[in-house]
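Single-letter residue listing:
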Amino acid sequence: DFINNKVEARLQQPQIYSTGDAYHFYGVVNEQIETYSTWTTVKTPAGSDVRVIAWTSDDVDMSAELKLAYRDEILKSYPTASIMGSATNKYNCHSYAWYKQSTSNTYNMPDPYHYMNDGSYYKISALQLNARIYYKNGPDGPHSGVCYTKSRVYSKWGFKCFVLHKWMNCPYYNAATAVSYWKLS
């Protein structure tokens, strides 16, 4: 009841309750998914601290059946996409793109703001090899990826799969999405 009351209050008073983790928490409680619990920091190339959620040996990843279902869902909805890694809760798109380009990454980064604002990266006008792409206000929220070619991007789709896709062919893009490109300083 506590969670339901908070969600109701948030819906009725959006000026007080900003968007953020409450809906995610509500979904996690209802779906009974184990969540991260250990916060730590990583450093940007320029030395700024960035708070991340660390995967620990106590955390539980999703079932093999759920991983397969997410893979099938992506391939059905985005037939030109290639699955490069299975679904996992261990890391997210921002951590992959800005911190560590590896499927063995164990950090979930809520916001890559410091990477784009502390001099670690500078904005460029078009997608280039190894550049970062940031989808600011896409339909499924903010998203980050790493350019593989001038038109294809590696990115982790939330808690779903790690995917190679055309930069405009993903759940994070539509014509209204503000997209920016970033190169390491």
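The written sequence of each chain sets the order in which its residues are numbered from 1. Given that this is a predicted model, residues contribute local features only at a pLDDT of at least 70 and side-chain atom pairs are listed and counted only at 80 or more, while totals for whole chains, interfaces and linings are drawn from all residues. Only heavy atoms go into the side-chain values, all of them from the structure, while hydrogens and water stay out.

1. Examining the nonpolar core
Grouped burial of nonpolar side chains is what soluble globular proteins tend to show. Just so we agree on the cut-off: The definition of a nonpolar core used throughout is a set of buried Ala, Val, Leu, Ile, Met, Phe, Trp, Tyr and Cys residues joined through side-chain atoms within 4.5 Å. Accessibility here uses a 1.4 Å probe with only protein chains present; expressed as a share of the type maximum, an area under 20% marks a residue as buried, one over 50% as exposed, and anything in between as partly exposed. Helical segments are the DSSP runs of H or I of at least four residues, strand segments are the runs of E of at least two, and each set is numbered from the N terminus. Every residue pair with non-hydrogen atoms within 4.5 Å of one another is taken to be in contact.
Membership of the largest hydrophobic core comes to 20 residues, with the highest contact counts inside it found for Leu127, Ile133, Tyr135, Trp157, Val163, Trp167 and Tyr181. Listing elements by their share of this core, those giving two or more residues are helix H3 (64-77) and strand E6 (132-135). If sequence neighbours within four positions are ignored, Val163 has contacts with Ile74, Ala81, Ser82, Ile83, Met84, Val153, Tyr154, Ser155 and Trp157. Counting 17 residues, the second largest nonpolar core, distinct from the first, contains Ala97, Tyr121, Tyr134 and Phe162.

2. A short note on the side chain of Thr88
Heads up, the condition is: Polar contact is defined as a pair of N or O atoms within 3.5 Å, subject to the rule that within protein one atom must be able to donate a hydrogen and the other to accept it, and that residues adjacent in sequence are counted only when both atoms are side-chain atoms.
Mapped onto the elements of the fold, Thr88 is located in the loop between strand E3 (82-85) and helix H4 (93-99). Take Thr88: its relative accessible area is 8%, and that puts it in the buried class. A distance of 2.6 Å separates a polar atom in the side chain of Thr88 from a polar atom in the side chain of Asp61. Those residues in contact with Thr88 that sit more than four places away from it in its chain are Asp61, Met62, Lys156, Phe159 and Lys160.

3. What to know about the pattern of salt bridges
Applicable threshold: Salt bridges are defined by distance alone: a side-chain nitrogen of Lys or Arg within 4 Å of a carboxyl oxygen of Asp or Glu.
Inspection of every chain in the model, using the stated rule, returns 4 salt bridges. Ionic pairing is found between Asp49 and Lys43, a salt bridge with its closest N-O pair at 2.6 Å. Under the relative-accessibility criterion, Asp49 is labelled partly exposed at 43%. Note that Glu73 is salt-bridged to Lys160, the shortest N-O span being 2.5 Å. Here Lys160 lies in the loop between strand E8 (152-156) and strand E9 (162-166) and Glu73 lies in helix H3, a separation of 87 residues in the sequence.

4. Considerations on the confidence of the model for the protein
Put simply, the rule reads: Think of pLDDT as the predictor's per-residue confidence, scored from 0 to 100.
Scored by pLDDT, the protein has a mean of 87; 80% of the residues are at 70 or more. In the model, residues 17-27 has pLDDT below 50 throughout and makes 14 contacts with residues more than four positions away in sequence or in other chains.

5. A closer look at the sheet that holds E8
Whether parallel or antiparallel, the strands of a sheet pair through hydrogen bonds between backbone atoms. Rules: Any two strands are treated as partners once DSSP identifies two or more bridges connecting them. Angular values range over 0 to 180 degrees, each being the angle between N-to-C directions of two axes fitted as lines to C-alpha atoms, with helices fitted over their stretch in contact.
Strand order in the open sheet formed by 7 strands is E3-E9-E8-E7-E6-E10-E5, and the pairing between neighbours is antiparallel. The open sheet has two free edges, formed respectively by E3 and strand E5 (121-124), since each of these has just one partner strand. The mean inter-strand angle of the sheet, taken between neighbouring strand axes irrespective of direction, is 35 degrees. Summarising the sheet, E6 and strand E10 (residues 179-184) pair through 4 bridges and their orientation is antiparallel. From the neighbouring strand, Tyr134 faces E10, where its bridge partner is Ser180.

6. Looking at the sheet that holds strand E4 (residues 107-108)
Spatially, 3 strands are ordered E1-E2-E4 in an open sheet, and the strand pairing comes out antiparallel. At either margin of the open sheet sits one strand with a lone partner, and together these are strand E1 (38-43) and E4. Judged from the 6 bridges that link them, E1 and strand E2 (residues 49-54) form a sheet pairing that is antiparallel. Across the sheet, Thr41 pairs through a bridge with Arg51, a residue of E2.

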